[in-house]
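# Structural overview for review
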Amino acid sequence: MSESKIAKKLMSESKIAIELINVDKHFGAVHANDKVNLSVESGTIHGIVGENGAGKSTLMSILYGFYQADSGQIKVFDKDFRATSSRQSIEAGIGMVHQHFMLVDNFTVLENVILGSEGGALISQSLAKARIELTRLAKEYGLEVELDIAVEELSVGMQQRVEILKGLYKGARVLILDEPTGVLTPQESDELFRIFDALKKQGVTIILITHKLREIMNITDHVSVMRAGKMVAHRETSKTNPEELAELMIGRKVLLNIEKSKAKSGKALLTAKNLEIYNEQGLKRVTEVSFQAHSGEILGIAGVTGNGQGSLLKALAGILPLSKGSIKIMGKTITPESHLNPKQLRELGVAHVPEDRQKMGMIADFSASETALLGYHNDKEINQGVWLKRSSVKANCESLMQAFDVRPNNPNLMSSNFSGGNQQKLILAREFERDPEVLIIGQPTRGVDIGAIEFIRKRIIEMRDAGKAIILISVELEEIMSLSDRIIVMCDGEITGTVDAKDANEATLGMMMANALQPQDEPKGAKL
Amino acid sequence: MTRDKRLSWINGLLLPLFNVLTAFIATGIVFLFIGVDPIEATKILLYGALGYDEGLGYTLYYATNFVFTGLAVAVAFHAGLFNIGGEGQAYVGGLGIALVALYINPAMSAWIVIPLAISGGLLFGALWAIIPAYLQAYRGSHIVITTIMFNFLASALMVYVLVNILREVGEMSPESGDFIKVSWLPFVHDIFASFGYKIARSPLNLSILVALFFSAAVWFFLWHTRWGFAIRAAGKSNEAAIYSGINPKKIIVVTMCISGALAGLVGINELMGVQHRLFLNFNYGYGFGGIAVALMGRNHPIGILIAAFLFGILYQGGAELDFELQNVSRDIVVVMQGLVILFCGGLEYLYRPVLIRFLAPIKESK
Amino acid sequence: MSDFFLTAVLTLDASVRVCVPLIFAAMAGLFAERSGVVDIGLEGKLLMSAFVAASAASVFGSPWLGLIAGMFASSVLAMIHGFASITYKGNQIVSGVAINILASGLTMILTLAWFKRGGITPTLQGDERFLSITLPGVDFIDHIPFLGVIYRELISGHNILVYLAFAIVPVVWWIVFRTRFGLQLRAVGENPKAVDTAGLSVEGLRYKALLIGGILCGIGGAYLSTAYNAQFTKEMTAGGGFIALAALIFGKWHPYRVLAACFLFAFLQALAIRLQGVIIPGIGEIPVQLIDATPYILTIILLAGFIGKAVPPKASAQPYIKEL
């Protein structure tokens, strides 16, 4: 590839692959990147850490030409660089593996790889050329993938390989990876890190965006920390430690170890037996899962995203049906034959804070008072015959806002105009204030500011102390560990471990989260 | 004024206003293009539609049809559905009305016959919407495509019914016999006359009250009942609806039935009100007109009443143009409909960036 | 030779003629929908082009100028659709509906303004329209039984646009499945973000697809008014654009299957005309309306997933909004 030759030549002249100077970017009122500076040495693995919403992805998308900076300067291998589309970035030798893969599902691997760099007007030659080149790359970096299979047939790990190959085929000498391990099993992650090593040996520069500090410590050479749109620190990885990084990410020494008395666990309010659940797309997500949730206890469910926790949560809330097993809940039993819908479950005293706040928990275009009504619009207090009483709807919202300190406390404001933290508080208020007996809570603090996190966690514990049974699902291990009394770990749709919270630490939980990768689940298409 | 307030003014009032104005200006350009003075044309149009009793009567009579189809489109819109099948639902609704008005016992009282005939229209309109709705909800077939297909099916069905079944023996034209007298809705001029006021004869009939009644009913239903809440929630977010214990599939079917039923009311104005028989293509253009009316009226009953009145003016005024000017026909209304749909629908946000930049610029935070 | 055979050949011949605008419109729709833009506006583009082509052919005395004018007019509508649905990210279906209604109104207004007759353009005389071509060897092959009739009636004796319609289908196939543009087109209809991050322009590709669609619809419309007929008449497309849309779905967005669907639907139309008033022994008279309605019924059944499944391109009907 001629581009890669140019890049190689440039690289031999320069030690700095990427340099960002005062890069600034606004989205509406949000200041996503505030005069960011960054310098990435070529041939190294450079980590960028920060909380969700710190501006990491935006910054990298600017570098990749997906967005344009409002102001600031970018240099790639010492050359001034300004991209108005990803094309210029690709030509400058930058490749990016997005968090959500940018693959055409019904295309073959080969077709996906050549898309956008086909060469001639006919694709037959490009395909032949790409086949040779990919075979070479596969050998060089250990990136074997079956080339003539549709990508939708591949496992997530394999699809990620295709993305990396896409970048390399297009001549990338700098590869940006955005949260690459979020969807991977630990084994797949290890495989990915092995590939990083191979790439680094060949002189490829890798920028790794993540919020997992362990990854940063294990594989990067340098690390930069972002917080609230600003670049707050640069460190050599060998000269820092996770505690320092965490502090830099969060900004102040907050120990979110919230005061929590010992649980007074009571009788079982929810008993799940041998659950088997298929998701909306008809894929089996949960197999043979059994557990009990007791009153006065928080049961945490940990696991890597996409290992069945989400589907389990939805089934407990009545959104997904069971295909096998039973759930005994507040004296009623859900089985594949007798399904209870979310409305019936609410009437039984089951509250549900959904994982996806924006799509499920609220309606962005509805006023706060209407969002505060979701799931409870049939309540007697607000209906009089056929009439849904506006005044009661408003009063309901006002009292919820007061109870959970939602700001601004204006029931007529559109739900989308509240900050993430306040949206979440409104949803929690809606679910908590009806005095439910069982609470099913998914990702309570995702995308929520630090102040709200503390508030929310305290409220969850208060509910526990009031004798409710709480089932908590979170991808944040720290959250699971600080809130739960008992922890279940899920992997690949099965429970791979149950531990008492006081015996749990990151290492043991991590092992359990990785545990269940059975031999038959080897990713498909592992050979060329 | 806070920025949020200003934004809601922009979205709620200024944008629709600008969009309608653009459609008017574009129509003006069409007038210029065909050598007609747009100001002259507007004068004729307004005079024809509003300048005298009879004209006003016709205007309101046309507007009545647009209220029904506009409401039909709007109700579906709130559930996130685009009901493009108003044309067919109105047509088949007419059959429902005709079946009652032709075959019911003529000795019955109008107080029974008229509500029954109206129910016939509601029922048949709903029936014609229920299959596309079912297919969308339970089989995933895109409702836009299926309702288009059902418009053509309605056409074929009605031709068959009129030619082979309802046509009276010995008649050439494909139309039914006269409806029984008790099913006729009284003309407004007759009602006025019975109170001793004399106004010009026009096809305006009691259907207009039915239209007003259903506008109010739709408003109350959508914003002041739990069912309306459920429909709007499902229309905004499928997932949030399921979460709230609302069954989106049921919502699709129920909403489309309501929508089809409303469209099915066109026949009470056209058939029970004026023609007193069923004939080919009595619905022509009102179904699609309803899309323009709903878009222009922002899917709100009050907006729809205003937009329907405007389209009534155009229909009636267009007839006057036809009569007065050589170079232009009533079809200019169709052009205008197209432009309204384009600017109020397809290009809904054309002016938003500009308006926001000037009227509600983003202030640098901190 | 039996009358039945001749009737069959003539019915097929009529199907071929009816099929042509359907093919052009359906291929136009194929480009648009493969790129992720639902094209409800096929009908309007056909109608507009039919009108403009007939007008230009009549004014300039050349069917070729008519054809070019028709393609231009249809492309203008396609670009309006693009402006609303691609650049301004409006609802693709709403703007498609707008185009249909606009075309319906404008053709009526403009016929009146230009030719003083509402809904009709002047009749095209002699070589102002596309004339049928007699293929070489008709006289020679005519002596062969069956084949002669087929060659004379079915294969020979059409105008150039008929042959173009059938020739264009393999070309469309080749473009869609064998060229760089085709690869990008299919990609943008499935996952526009993948296209964007590959450094390609989503908007550019969609505009190109709509423009090709505009040109193809233009040829289809011109065929209606300057080849199949000799003038434009009010609403002369008679739902052809929607039948093409149905054929596009029925053929699952694949050129050859779409061609087959077009031909099937055209055949049903030709058959409906043939069977008007004919009493079939044992069955009686088949209502013409039933046959007319068959394409729609078939498409609905297919859409309902009772016979196979029609899965449109994944990004279909969604405006592309750039965000992570």
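Keep in mind that what you see is a predicted model, and the values were worked out from it rather than measured.

Conventions and cut-offs
Residues numbered from 1 in each chain as written. Chains lettered and ligands numbered in written order. Predicted model: local features only at pLDDT ≥ 70, side-chain atom pairs only at ≥ 80, totals over all residues. Heavy atoms only, no water. 1 Å grid on protein atoms, 1.4 Å probe; cavity = no way out; pocket = protein on both sides within 12 Å on 5 of 7 lines; lining within 4 Å. Points joined across faces, edges and corners; volume = space filled by probe spheres on them. Helix = DSSP H or I, 4+ residues; strand = E, 2+ residues; numbered from the N terminus. Buried < 20%, exposed > 50% of the residue type's maximum accessible area, 1.4 Å probe, protein only. Polar contact = N/O pair within 3.5 Å; in protein donor to acceptor, adjacent residues only side chain to side chain. Contact = heavy atoms within 4.5 Å. Pairing = 2+ DSSP bridges. Buried area = accessible area lost by both parts, 1.4 Å probe. Salt bridge = Lys/Arg side-chain N within 4 Å of Asp/Glu carboxyl O. Nonpolar A, V, L, I, M, F, W, Y, C, P; charged D, E, K, R; others polar. Core = buried A, V, L, I, M, F, W, Y, C linked by side-chain atoms within 4.5 Å. Domains from an automatic or database assignment. pLDDT = per-residue confidence, 0-100. Disulfide = S-S within 2.5 Å. Axes fitted to C-alpha atoms, helices over the stretch in contact; angles between N-to-C directions. Phe/Tyr/Trp six-rings, centres within 6.5 Å; stacked < 30°, edge-to-face > 60°. Expected span 1.5 Å × (residues − 1). Left-handed = near helix turned anticlockwise from the far one by under 90°.

What follows covers empty space enclosed by the protein. Under the counting rule described, the total for this entry stands at five cavities of 30 Å³ or more. Of the voids in this model, the largest cavity is the one considered here, and its volume is about 130 Å³. Lining the largest cavity are 15 residues; nearest its centre among them are Y64(A), M96(A), K166(A), K170(A) and T197(C). Of all elements in the fold, only strand 6 (94-97) and helix 6 (156-169) of chain A together with helix 9 (192-197) of chain C reach the threshold of two or more residues within the lining of the largest cavity.

On to the side chain of T226(C), then. Residue and element names in this part refer to chain C. Checked against the element boundaries, T226 lands in helix 10 (residues 202-228). Owing to a relative accessible area of 0%, T226 belongs among the buried residues under this scheme. Reaching out from T226, the side chain makes a polar contact with the backbone oxygen of A222 at a distance of 2.6 Å. Look past the residues within four positions of T226 in its chain and what remains in contact with it is A53, A54, A57, L124, R129 and F130.

Our next topic: the pairing of strand 3 (residues 45-49) of chain A. All names here are of chain A. With five of five residues buried, strand 3 lies mostly within the body of the structure. With burial as the criterion, each face of strand 3 is covered, one bearing I45, G47 and V49 and the other bearing H46 and I48. Summarising the sheet, strand 3 and strand 8 (residues 205-210) pair through five bridges and their orientation is parallel. Looking at the pairing, V49 lines up with T210 of strand 8. The pairing of strand 3 with strand 9 (residues 222-227) spans four bridges and is parallel. Of the residues in strand 9, the one forming a bridge with V49 is V225.

Across the boundary between the two partners, chain B contributes 42 residues, which contact 42 residues of chain C. Here chain B and chain C share an interface that buries about 3600 Å² over both sides, 82% of which is from carbon and sulfur atoms. Summed over the three residues of chain B that lose the most area to chain C, namely R139(B), M149(B) and F152(B), the buried surface amounts to 16% of that side. At the boundary of chain B with chain C, the tally comes to zero salt bridges. For the pair chain B and chain C, the interface holds four residue pairs in polar contact (both at pLDDT 80 or more). Secondary-structure elements contributing two or more residues to the side of chain B that touches chain C are helix 1 (3-33), helix 5 (110-139), helix 6 (143-166), helix 13 (286-296) and helix 15 (332-346) of chain B. At eleven residues, helix 6 of chain B tops the list of elements feeding residues into the side of chain B that touches chain C. Split by residue class, the side of chain B that touches chain C holds 30 nonpolar, ten polar and two charged.

Right, let's talk about the pattern of salt bridges for a bit. Residue and element names in this part refer to chain A. All told, the structure shown has 41 salt bridges over all chains when counted by the stated rule. Note that R459 and E462 form a salt bridge whose closest N and O atoms lie 4.0 Å from each other. Taken together, the residues R459 and E462, both in helix 16 (residues 450-465) and three residues apart, mark about one turn of the helix. The network of salt bridges with common partners includes E133, R136 and E140.

Now for the nonpolar core. Among the nonpolar cores identified, the biggest contains 313 residues, and I18(A), M60(A), F196(A), L199(A) and I40(C) are the most heavily contacted of them. Top contributing element to this core by residue count: helix 1 (residues 3-34) of chain C, with 15 residues. Taken domain by domain, this core gets at least three of its residues from each of domain 1 (3-12 + 42-68 + 84-250) and domain 2 (268-521) of chain A. Leave out the neighbours within four places in its chain, and I18(A) touches L38(A), S39(A), V40(A), L63(A), K75(A), V76(A), I94(A), V174(A) and I207(A).

The next point concerns the confidence of the model for chain A. When pLDDT is averaged across chain A, the result is 87; 93% of the residues are at 70 or more. Contacts for the low-pLDDT stretch residues 516-528 of chain A, under 50 throughout, to residues beyond four places or in other chains number 26 contacts.

Residues and elements named next belong to chain C. In this structure the tally under the stated criterion is zero disulfides over all chains. Unpaired in terms of disulfides, C19 finds its nearest cysteine sulfur in C262, a separation of 5.4 Å. Among the residues examined, C19 registers a relative accessible area of 0% and is labelled buried.

Residues and elements named next belong to chain A. As summarised here, the arrangement of the six strands in space is 16-19-20-13-21-22, forming an open sheet in which the pairing is mixed. Sheet topology places strand 16 (350-353) and strand 22 (494-500) at the edges, where each strand pairs with a single neighbour. With direction set aside, neighbouring strand axes in the sheet form an average angle of 15°. The sheet contact formed by strand 13 (residues 297-302) and strand 21 (residues 486-491) spans four bridges and is parallel. Across the sheet, G300 pairs through a bridge with I487, a residue of strand 21.

Moving on to the interface of chain C and chain A. Interface size is commonly expressed as the accessible area that is lost once the parts come together. Contact with chain C, which involves 24 residues of that partner, is made by 30 residues of chain A. Between chain C and chain A the total buried area reaches about 2200 Å² when both faces are included, carbon and sulfur atoms providing 64% of it. On the surface where chain C and chain A come into contact, there are two salt bridges. Linking chain C with chain A are ten residue pairs in polar contact (both at pLDDT 80 or more), by the criterion used here. Listing elements by their share of the side of chain C that touches chain A, those giving two or more residues are helix 7 (160-178), helix 8 (180-190) and helix 9 of chain C. A per-element tally of the side of chain C that touches chain A places helix 8 of chain C first, with six residues. Tallied by class, residues from the side of chain C that touches chain A come to ten nonpolar, five polar and nine charged.

Turning our attention to the domain arrangement of chain A. Residues and elements named next belong to chain A. Under the domain assignment used here, chain A contains domain 1 (3-12 + 42-68 + 84-250) and domain 2 (268-521). Distance between the C-alpha centres of domain 1 and domain 2: 34 Å. Taken together, the contact between domain 1 and domain 2 spans eight residues of the former and seven residues of the latter. The junction of domain 1 with domain 2 conceals about 750 Å² of combined surface from both sides, 59% of it contributed by carbon and sulfur atoms. Our count for the contact surface shared by domain 1 and domain 2 stands at zero salt bridges.

Turning to the pairing of strand 11 (residues 268-278) of chain A, a few remarks are in order. Residues and elements named next belong to chain A. With seven bridges connecting them, strand 11 and strand 12 (residues 284-294) associate as antiparallel partners. Bridging across to strand 12, L275 finds its partner in V289. Between strand 11 and strand 12, which pair antiparallel one after the other, the connecting turn spans five residues, and G282 there sits at a positive phi close to 80°.

All names here are of chain A. Burial within helix 2 (residues 56-63) is extensive, with seven of its eight residues counted as buried. Among the residues making up helix 2, those that are buried are K56, T58, L59, M60, S61, I62 and L63. Remark: G65 follows helix 2 within two positions and exhibits a positive phi of approximately 80°.

Residue and element names in this part refer to chain B. Summed over all chains, the structure comprises 35 aromatic pairs over all chains. On the basis of an interplanar angle of 65° and a centroid distance of 5.5 Å, the ring pair of F18 and Y351 is categorised as edge-to-face. Of the two residues, F18 is situated in helix 1 and Y351 in the loop between helix 15 and helix 16 (352-359); the sequence distance between them amounts to 333 residues. Looking at Y351, the relative accessible area reads 23%, which means it is partly exposed. Grouping aromatic residues by their ring pairs yields a cluster made of Y58, Y61, Y62, F66, Y286, F311 and Y315.

This part is about helix 14 (residues 390-403) of chain A. Residue and element names in this part refer to chain A. With 14 residues, helix 14 should cover 20 Å at 1.5 Å per step; its first-to-last C-alpha distance of 20 Å lies within 8% of that length. For helix 14, the complete set of buried residues consists of S392, V393, N396, C397, L400 and M401. Elements in contact with the buried residues of helix 14: helix 13 (368-371), strand 18 (387-388) and helix 15 (420-432).

Here we come to the packing of helix 3 (residues 63-87) of chain C against helix 10 of chain C. The relative placement of two packed helices is expressed as an angle between their axes plus a distance between the axes. Residues and elements named next belong to chain C. Close contact between helix 3 and helix 10 brings their axes to 7 Å; oriented N to C, the two are set at 145°. By crossing handedness, the relation of helix 3 to helix 10 is classed as right-handed. In this structure, helix 3 uses L67, G70, M71, S74, S75, A78, M79, H81, G82, F83, I86 and T87 to contact helix 10, whose residues at the interface are E203, R206, Y207, L210, L211, G214, I215, C217, G218, I219 and A222. Here the residues of the contact of helix 3 with helix 10 sort into 13 nonpolar, eight polar and two charged.

Okay, the sheet that holds strand 7 (residues 174-178) of chain A next. Residue and element names in this part refer to chain A. Here we have six strands laid out as an open sheet, ordered 6-7-8-3-9-10, and mixed in their pairing. Where the open sheet ends on each side, the last strands, each with one partner, are strand 6 and strand 10 (230-236). The average undirected angle you get between the axes of adjacent strands in this sheet is 20°. Note: strand 6 against strand 7, four bridges, orientation parallel. Within the sheet, the bridge partner assigned to V97 lies in strand 7 and is L177. Strands strand 3, strand 6, strand 7, strand 8, strand 9 and strand 10 of the sheet are contacted by helix 2, whose axis makes an angle of about 150° with strand 8.

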